[in-house]
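Single-letter residue listing:
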Amino acid sequence: MYFDKVSPQVWDYKIGGYQVLDKYLKSHKGEEIDYSHFQKVIQTLHKSLEIESKIAKIEIN
């Protein structure tokens with residue numbers, strides 16, 4: 001199984017200096033991947049980017 005249509009923004013998303021998806025895959029190297037969980041992580045990062053974009057548009061006076 002593989003994941004396609006993962007945007008570069010989602011793939012490059014970092015938390016604490018770590019690229020989330022890359023870190024997840026590397027930390028589970030040699031293990032069977034829980035694809036359902038990994039897909040939820042991708043969706044969560046995508047939604048986080050949407051929310052962050054909306055927050056960035058808020059003008060603070």
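Residues numbered from 1 in each chain as written. Predicted model: local features only at pLDDT ≥ 70, side-chain atom pairs only at ≥ 80, totals over all residues. Heavy atoms only, no water.

Novice: Explanation requested: helix α2 (residues 20-27) in the structure shown.
Specialist: Residues three or four positions apart in an α-helix share a direction because the helix packs 3.6 residues into each turn. Among the residues of α2, those classed as buried are V20, L21 and Y24. Projected down its long axis, α2 shows its buried positions confined to an angular sector of 95 degrees, all on one face. The inward-facing, buried residues of α2 abut α1 (8-11), β1 (14-15), β2 (18-19) and α3 (35-56). (Buried < 20%, exposed > 50% of the residue type's maximum accessible area, 1.4 Å probe, protein only. Helix = DSSP H or I, 4+ residues; strand = E, 2+ residues; numbered from the N terminus. Arc of directions from axis to C-beta. Contact = heavy atoms within 4.5 Å.)

Novice: So what exactly am I meant to see when it comes to the packing of aromatic side chains here?
Specialist: A ring pair, where both rings are aromatic, is described by two values, the distance of the centres and the angle of the planes. Counting across every chain of the model gives one aromatic pair. A cation over a ring is seen here: K23 above Y18, with NZ or CZ 4.5 Å from the ring centre. (Phe/Tyr/Trp six-rings, centres within 6.5 Å; stacked < 30°, edge-to-face > 60°. Lys NZ or Arg CZ within 6 Å of the ring centre and 35° of its normal.)

Novice: Please explain the nonpolar core as it appears in this structure.
Specialist: Listed in full, the 10 residues of the largest apolar core are V10, Y13, V20, L21, Y24, I33, F38, V41, I42 and L45. Looking at this core, the elements that each hand over two or more residues are α2 and α3. A total of four residues in this core trace back to one element, the largest contributor, which is α3. In contact with V41, not counting residues within four places along its chain, are V20 and L21. (Core = buried A, V, L, I, M, F, W, Y, C linked by side-chain atoms within 4.5 Å.)

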